[in-house]
Amino acid sequence: MGQESLCNKHAKMNTNQLALAIQPNEQATLDDFCWGNNILLQQQLQLILSHQGERFLYLWGEPGCGKSHLLQACCQAMSNQDSAVYLPLKQLREWGPASIEGLDEQCLIAIDDIDAIAGNTEWEEALFHFYNRIRDNGNSILLISGKFAPMVQSIQLADLRSRLGWGLVIQINELDDEFKILALQQHATKRGFQLPDTVAMFMINRCARNMHALYMMLDRLDQASLVAQRKITIPFVKSILGI
């Protein structure tokens, strides 16, 4: 049985489990991610999604660096042809390991925020066996994200911690200010307005450093500017954010 037909078969078998999974953000795409100095990561993801690269990838980096965006974007890219499932452990943690049963045969499995279950014996053991089943099926791609590199993770189960480093391990590098400005301007363009360099730099220097916080702030400023019928300028940013 070919890989595509095998994946489709398992996708149908796991309808009930898939209903439990959190759907990825449809607006998260690989095209709108600002890669900056993460070109190696971009190249590896392209290979992985075309079934030419490693089957296992562990991404790590500071909160707000784009881990969740990339995992959801990979699910969106894969789901056009094969089955994919996004598993955000911050949400699924309270549902227990039963929430991921049967999902190890999807073509792509993206496990976000593995830190969320660190120290939970039941979850750690379940993910250990989950990982082994994915390795044994010989088809599925597994993407995992965390705040820290595998060997300094707070995962208590040593066997699980070691498996996190079996495939590729790549740190998402923080964007420099030039790329942060570009990313903010691309986000502004998607929302239908232009963001001057000076305003973007002011936001970076005075408001936040990580991109997730900056995007949320820009969305808030956009909404406020529509209500006030004013352009987003430095004085307007100061007035809305109370700086």
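In this report, we go over the structure that sits alongside the text. Remember, it's a predicted structure, so these values are computed and weren't measured experimentally. (Residues numbered from 1 in each chain as written. Predicted model: local features only at pLDDT ≥ 70, side-chain atom pairs only at ≥ 80, totals over all residues. Heavy atoms only, no water.)

All right, on to the pattern of salt bridges then. In total, this model carries seven salt bridges according to the counting rule given. Between Arg93 and Glu94 there is a salt bridge, with the nearest N and O atoms lying 3.5 Å from each other. You can call Arg93 partly exposed: its relative accessible area is 33%. Between Asp104 and Arg133 there is a salt bridge whose closest N-O contact spans 3.2 Å. (Salt bridge = Lys/Arg side-chain N within 4 Å of Asp/Glu carboxyl O. Buried < 20%, exposed > 50% of the residue type's maximum accessible area, 1.4 Å probe, protein only.)

Their axes nearest at 11 Å, the elements helix α10 (residues 211–228) and helix α11 (residues 234–241) cross at an angle of 100°. One finds that α10 runs roughly perpendicular with respect to α11. The segment α10 lies against α11, with Met217, Arg220, Leu221, Ala224, Ser225 and Ala228 engaging Phe236, Val237, Ile240 and Leu241. Taken together, the residues that form the contact of α10 with α11 break down as eight nonpolar, one polar and one charged. (Axes fitted to C-alpha atoms, helices over the stretch in contact; angles between N-to-C directions. Helix = DSSP H or I, 4+ residues; strand = E, 2+ residues; numbered from the N terminus. Parallel < 35°, antiparallel > 145°, perpendicular 65-115°, else oblique. Contact = heavy atoms within 4.5 Å. Nonpolar A, V, L, I, M, F, W, Y, C, P; charged D, E, K, R; others polar.)

The next point concerns the packing of aromatic side chains. Applying the stated criterion across every chain yields a total of three aromatic pairs. Centroid distance Phe56 to Tyr131: 5.0 Å. Interplanar angle 15°. Geometry classified as stacked. With Phe56 in strand β1 (residues 56–60) and Tyr131 in helix α6 (residues 121–137), this pair connects stretches of sequence that are 75 residues apart. You can call Phe56 buried: its relative accessible area is 11%. Residue class for Tyr131 comes out buried when judged on its relative accessible area of 3%. An aromatic cluster is present here, built from Phe56, Tyr131 and Trp166 joined pairwise through their rings. (Phe/Tyr/Trp six-rings, centres within 6.5 Å; stacked < 30°, edge-to-face > 60°.)

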